[in-house]
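Notes for the structure review
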Protein chains: 4
Amino acid sequence: MTAQDAADIGELKIKWAESHAPVLSSIARDHLPRDVLRGVRIAVDLPIEPKTALMCLMFKRAGAEVVVGTDPLYIHTDVAGALARHGVIVKSLNHESGDGRHENLVSVLETGPHVILDGSGNLGALAHSAHPEVFETLRGVSEETTTGVRRYRRLHANGLLKIPVFAANDARMKHLFDNRYGTGQSGLTSLLSITNLMLPGKRILIVGYGWVGKGLARFASAFGARILVTEVDPVRGVEALADGHVVLPLADAVTEADVVITASGTPGAFTWEHISRLKDGAILENVGGSELEIDVSALIAHAAKCHAVRPFIEEFTLRDGRRINLLGGGKVAFNVSAAAEGHPIEIMDLTFSIQALCVLHMALHGADMPPAVYPVPSDFDDKVARAKLACAGMAVDDLTQTQRDALSEWDLA
Amino acid sequence: MTAQDAADIGELKIKWAESHAPVLSSIARDHLPRDVLRGVRIAVDLPIEPKTALMCLMFKRAGAEVVVGTDPLYIHTDVAGALARHGVIVKSLNHESGDGRHENLVSVLETGPHVILDGSGNLGALAHSAHPEVFETLRGVSEETTTGVRRYRRLHANGLLKIPVFAANDARMKHLFDNRYGTGQSGLTSLLSITNLMLPGKRILIVGYGWVGKGLARFASAFGARILVTEVDPVRGVEALADGHVVLPLADAVTEADVVITASGTPGAFTWEHISRLKDGAILENVGGSELEIDVSALIAHAAKCHAVRPFIEEFTLRDGRRINLLGGGKVAFNVSAAAEGHPIEIMDLTFSIQALCVLHMALHGADMPPAVYPVPSDFDDKVARAKLACAGMAVDDLTQTQRDALSEWDLA
Amino acid sequence: MTAQDAADIGELKIKWAESHAPVLSSIARDHLPRDVLRGVRIAVDLPIEPKTALMCLMFKRAGAEVVVGTDPLYIHTDVAGALARHGVIVKSLNHESGDGRHENLVSVLETGPHVILDGSGNLGALAHSAHPEVFETLRGVSEETTTGVRRYRRLHANGLLKIPVFAANDARMKHLFDNRYGTGQSGLTSLLSITNLMLPGKRILIVGYGWVGKGLARFASAFGARILVTEVDPVRGVEALADGHVVLPLADAVTEADVVITASGTPGAFTWEHISRLKDGAILENVGGSELEIDVSALIAHAAKCHAVRPFIEEFTLRDGRRINLLGGGKVAFNVSAAAEGHPIEIMDLTFSIQALCVLHMALHGADMPPAVYPVPSDFDDKVARAKLACAGMAVDDLTQTQRDALSEWDLA
Amino acid sequence: MTAQDAADIGELKIKWAESHAPVLSSIARDHLPRDVLRGVRIAVDLPIEPKTALMCLMFKRAGAEVVVGTDPLYIHTDVAGALARHGVIVKSLNHESGDGRHENLVSVLETGPHVILDGSGNLGALAHSAHPEVFETLRGVSEETTTGVRRYRRLHANGLLKIPVFAANDARMKHLFDNRYGTGQSGLTSLLSITNLMLPGKRILIVGYGWVGKGLARFASAFGARILVTEVDPVRGVEALADGHVVLPLADAVTEADVVITASGTPGAFTWEHISRLKDGAILENVGGSELEIDVSALIAHAAKCHAVRPFIEEFTLRDGRRINLLGGGKVAFNVSAAAEGHPIEIMDLTFSIQALCVLHMALHGADMPPAVYPVPSDFDDKVARAKLACAGMAVDDLTQTQRDALSEWDLA
């Protein structure tokens, strides 16, 4: 297939996404009129696939200059081709030496963005650690992930944060849906399609029972898996128990698992200590927010050999002969990478609606906001939720005045 | 059956509850030694059934005087008999005129409690509105329900609150389990056992998609119901949509419903406007926190006739001939009333472990706490959660030092 | 409560059942006109509860004389009282010595029935073994359960069967619904209400993965149980595996189980060998078709002591101190007994519609049918299924002529 | 990617399949020793993907000559490349004119097979209608699908069948798993991955509630879809109702559906009459057994225009502007085609174990079997089921002698 053909397919995919993203369309119609972002440079570090592309085009249509760049593993080349045609700048180097990720991020920063839509805090960390010139133009950031929000909060706690940041991840219309249903569905369907296996008879160990872990557990058990959960928060542990799962310390659980999925958001969640106790043939996948959840370097260091056994699956043979199957190099966002279609369009329709409002707000008002990590205003949630319900032909009520009165009384049960 | 025989059965039921409430037992062992509550008078307004009874006995064993009293509908007489044998004072009048609820609550207050374990804020509201003498002895309150917490918050907002209150409901180990799985299971199984019906082919309308509504929807759809949800919060509405349900304004949804379950915590949630649009044969149940969610007086006022059609089911015939079946008089906590076994023991094991810690804290320290609504300290949650996991042979991990370090870094994904 | 009051309540319950049994009503309207059963004596051995009572009354309204009698455990006395008022003869002795079951069955046979509606083959076995005079009047039998059909087939295989028998159990509209959803729901809800426990964190061992076992497993896992299955048919074992359960030999599974539910239809399925390996506190329930699935005599013989711990629960203490909780004496049909409401009305609406057609057919044509076990004619299934769908406002299509033609071709894919 | 590279990937995929197909491996070990099929020519009409390839190689290793050929849409070219390397003859023409399907099937027949492993009866129908020379060498057939078995039965009913046929589809270890869980999982995951959509908020219309429809409904409702079912069998209709779905005539249901999945096995199930009533944007997929379930020719004839909107999705615009999205050309087995990974390996492990035994039996004994459609011997099911359980570390029991005795008694309940 030629690059030309690929870009044609990328166009089709973006158009398909658009036709199934009515919420983002309505937000764009109402809040992103032509030229509202005229002259604004927006930098995006997210997987380059049809839904991200759609959001970039909407910024573009509103007058912005948009640059995207990310880890090459997360770039759908057909979509990148289509984006380029529309004048979105795509940084998608895939160097022979190294994987191109660092180079891509740096070259994104070099465009001097006014607003960053960051994923896992990568662009922000890079700017704060090595590219102070970015802050000359940067007005604000909107951050997509649990992990990234945590990183920005640490920056702020250390007194280092230089710009205002929206914790877009923490918007209810983002994490309650994207993290739970989005990663739940895409984490599971990517596992199934990449391995061509089924789950009954298998034990799936889910590392972390936050929104992502809960979503995965729900869908995986509907597909017949028996679920093991590890947690560090005992209340979440009891939630997993109440949902019918078994909760064990990781060192114990790992010996029973046929599949391990990390969803903890914590670097160092799955170390050599755990890898070394896996069963022969175990499958290892990371859908969490940290690139470092699985200690892949340790796996490489201890393996006697390693080779591809299917697209996106590498088999590592340990010295005692046990084989470990690693999906997608253990990278973050593997499930939304080129290996799979990623989150459903309807999920990203919500997430990117929130992001569109956050990015717009930062473009217009970020310069006036002191450096801090800000919650997303609740009316953003409200707008997006109402639009979603309307698109589905559904609706909620308003409290009646009688109810408001009753709720403001203390003398009524 | 004689009262003597009934009390024997009540004893057995309490003992059975105790043998399945290992968390509360361990909390009592560790925190409620003999005499720690010597001289403390504790007043309880909760359904009098085996689990509440067990908690009362534990307070008693720790030296407290305990008085319980509530709406007669919520009193299992066999359990009340057993409690009385152990010296717990039970206020269980069931007057010919009126239902005895008000009288019971007043006579509870008249005992001059030091700590109140309140349900839906009933004792507190009564004390604040008409019994100021209570505050001469009262040190603090621990409140069980969402509705009650709201009422105490209103009292405080109005500058009227006279004592410190623990929002026990808002403890994670309470509402995440009791409201969701407890009411979910007991709300559903009480519906099934009282009506002897099944759910496939029926549309169940759930009014409110908070923790209670979510729990009900989960179990009811597992039993084959199609779920309609009404909400006033659009984000929760989208959650219901994402869970596979249909979300409609109440006025529209009500015409389609075979069963309506109110779970909103809001007085006036289901008014004559809605009742008047119900289908012939519709079933109406309240499992929410407010006695006034369903406007039962309006139903009575508009009905041409009314008669019992099964134990705990009254059929109201409207003037146009349509029949409405009301379960348990539309009262709060119907599902935990004498009509049914109530929440599972294992759920109340968690709730009452939290309550035991809250009541103990109020007995010892309430006098020093300014009037306010206090969150339950997170170490109460932690203690109860760890004990629960241990009882189930399960456990969580602690973060390693390496992980703690990593999480405190901003320069690691 | 007086017997008079009880019978009033029984009346209400039957009327409630009738108002939720539209299929049986339509079958009665179309096929059981007044006097069609004039002079016919019908004997019924089924639990005496509202739905059975309703069917009996419909036979009565069609002119039949009806006698019912069964194990006293399965008699709702309020319903029995109501039935008696309507002239149905109820054999409900509850002897001081013995449990009255045998006496009840004998006195049912002594009425000289023309048609027997048998449950588990009890009346038929008694007639064939000790009451040959029954065959002087008896025209035919309709048998309700898997176990009973097996017994009649054995009788026939041994050349002993003296009357025609409808395998009502094997009608698709019976076993696909009654056994699966009916026992599934009532087996589970009776367990929950009688024990007041919940299932998450527990392992439920289901002995037998036929329709009953499948139904139980589905509902129990929806309530959070982890399911262990034992089977003797390896294909059914793989079905259990594919449904996400663990399949083990009984001797191994039993040591892990918190609750054991027998659903095998096989006498001797759960013997002392298995009982002796149970965990302390294990709960034992029989919802299967054979009175002898659990070897209760062995349990009694080996127990150091035994006492009631809650209504319908006996605790047996083994010599080593382990305690076993037996529900409902381990009797068949415990879940539909006086301890619980039994199968949902909508399920029995289907079963008894099939039975009404079978009993009618035997009354009219049984005398002309040679002794054999007959399948229920498929048009009975068809009638009942279409009526059910119509009552639910649903419908199926007919094949078009084009489709019929296509399906009769071999040269079209 | 070069053909060489593609074949390398095909090899890896086959090897991966082998490592997850322990049942087929054990069947091969026990029943397909070297040379047992020496000189036998086996023709296979199944999608050419890794699992089929594995079975072909096992026949090859046992000495057979193997030829495969099918519709080009169902050919994974990487796998076909790998198969060719091993000496399996692959007929995979993809003619410019026409789709190559007919040519491929004819050239498969021209190899003069001794045994045919047929899919949907295509090779058999072609042989019986136009290639009588095939019967000079052909010993027997094993048929994979419900549709194919129906076609062979029609041939036999018309007195035309010339060879013995195993109804492999009807083996319990085939249809209970492959049709239900296999098509259920692959039908759903292919829909999700090809469209990148999610199901909550959508109504999925499933045409036919046989094993395939039941599997689809189970998984789709677990993913949040609301299910509409159409059927022609009223008992299956009531099963769908009992499973919580809505059952309507197709002409009514179709106007409500967002997605239609045909699973009826019936040609002409979804005609222009139905297509013409679809909503704008409806998605149409066929996972049933007949190439003709959806009347694609009518769709083409009535469409104003048609173009690809994503890989494997064509959008047809009707004259009134409504758009219909057809997946995979509406072809049979789309879900197992080149568009997706197909059924899980563990499912095909069971199916192809049955097929291996059937093909072997036909090779050795087919010549002695009169033309007829034969059920698969139950010991084939038994062998495969026991092997599956053993591979999963699970097992069933045998009935004890006491139980056998009890089950042969009629005088025990």
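Residues numbered from 1 in each chain as written. Chains lettered and ligands numbered in written order. Predicted model: local features only at pLDDT ≥ 70, side-chain atom pairs only at ≥ 80, totals over all residues. Heavy atoms only, no water.

1. Let's talk about the relation of the copies chain B and chain A
- Rotating chain B by 180° about the axis while translating it 0.0 Å along that axis superimposes it on chain A, leaving an RMSD of 0.0 Å. Each copy turns onto its partner about a two-fold axis.
- A high fraction, 100%, of the interface residues of chain B reappear at the interface in chain A, so the copies pair face to face through one surface. (Least-squares fit on C-alpha atoms with pLDDT ≥ 70 in both. Contact = heavy atoms within 4.5 Å.)

2. Points about the nonpolar core
- F59(A), F59(B), F59(C) and F59(D) are the most contacted members of the largest nonpolar core, which has 482 residues in total.
- Among all residues touching F59(C), those that are not within four sequence positions of it are L32(C), L37(C), I42(C), A64(C), V66(C), L117(C), A356(C) and V359(C). (Core = buried A, V, L, I, M, F, W, Y, C linked by side-chain atoms within 4.5 Å. Buried < 20%, exposed > 50% of the residue type's maximum accessible area, 1.4 Å probe, protein only.)

3. Examining the packing of aromatic side chains
- Evaluated as defined, the whole model comprises 14 aromatic pairs over all chains.
- On the numbers, 6.0 Å between centres and 20° between planes, the contact of F177(A) with Y181(A) is stacked. Here Y181(A) and F177(A) lie together in helix α8 (residues 172-195), a separation of 4 residues that amounts to about one turn. For the pair F177(A) and Y181(A), a shared accessibility class is recorded, and that class is buried.
- Three or more aromatic residues link up through ring pairs in this structure, and these residues are F219(A), F223(A), F219(D) and F223(D).
- Here the guanidinium or amino end of K214(A) rests over the ring plane of W211(A), the centre of that ring lying 5.4 Å away. (Phe/Tyr/Trp six-rings, centres within 6.5 Å; stacked < 30°, edge-to-face > 60°. Helix = DSSP H or I, 4+ residues; strand = E, 2+ residues; numbered from the N terminus. Lys NZ or Arg CZ within 6 Å of the ring centre and 35° of its normal.)

4. Observations regarding the sheet that holds strand β15 (residues 372-374) of chain C
All names here are of chain C.
- The strand order β3-β2-β1-β4-β5-β6-β15 describes an open sheet built from 7 strands, whose pairing is parallel. Among the strands making up the open sheet, the edge pair consists of β3 (89-91) and β15. On average, adjacent strands in this sheet sit at an angle of 20° to one another, irrespective of strand direction.
- Where strand β6 (residues 164-166) lies against β15, 3 bridges are found, and the strand directions are parallel. By the bridge assignment for β15, V165 is matched with V373.
- Along the sheet, helix α6 (residues 122-130) makes contact with β1 (41-44) and β4 (115-118), crossing β4 at roughly 125°.
- Running at roughly 170° to strand β5 (residues 140-143), helix α14 (residues 345-365) makes contact with β1, β4, β5 and β6 of the sheet. (Pairing = 2+ DSSP bridges. Axes fitted to C-alpha atoms, helices over the stretch in contact; angles between N-to-C directions.)

5. Remarks on the interface of chain C and chain B
- Taken together, the contact between chain C and chain B spans 36 residues of the former and 36 residues of the latter.
- Contact between chain C and chain B buries roughly 3300 Å² in total, counting both sides, with carbon and sulfur atoms accounting for 67%.
- By the criterion of area lost to chain B, the three top residues of chain C are W16(C), N196(C) and F223(C), representing 22% of everything that side buries.
- Between chain C and chain B we count 2 salt bridges in total. (Buried area = accessible area lost by both parts, 1.4 Å probe. Salt bridge = Lys/Arg side-chain N within 4 Å of Asp/Glu carboxyl O.)

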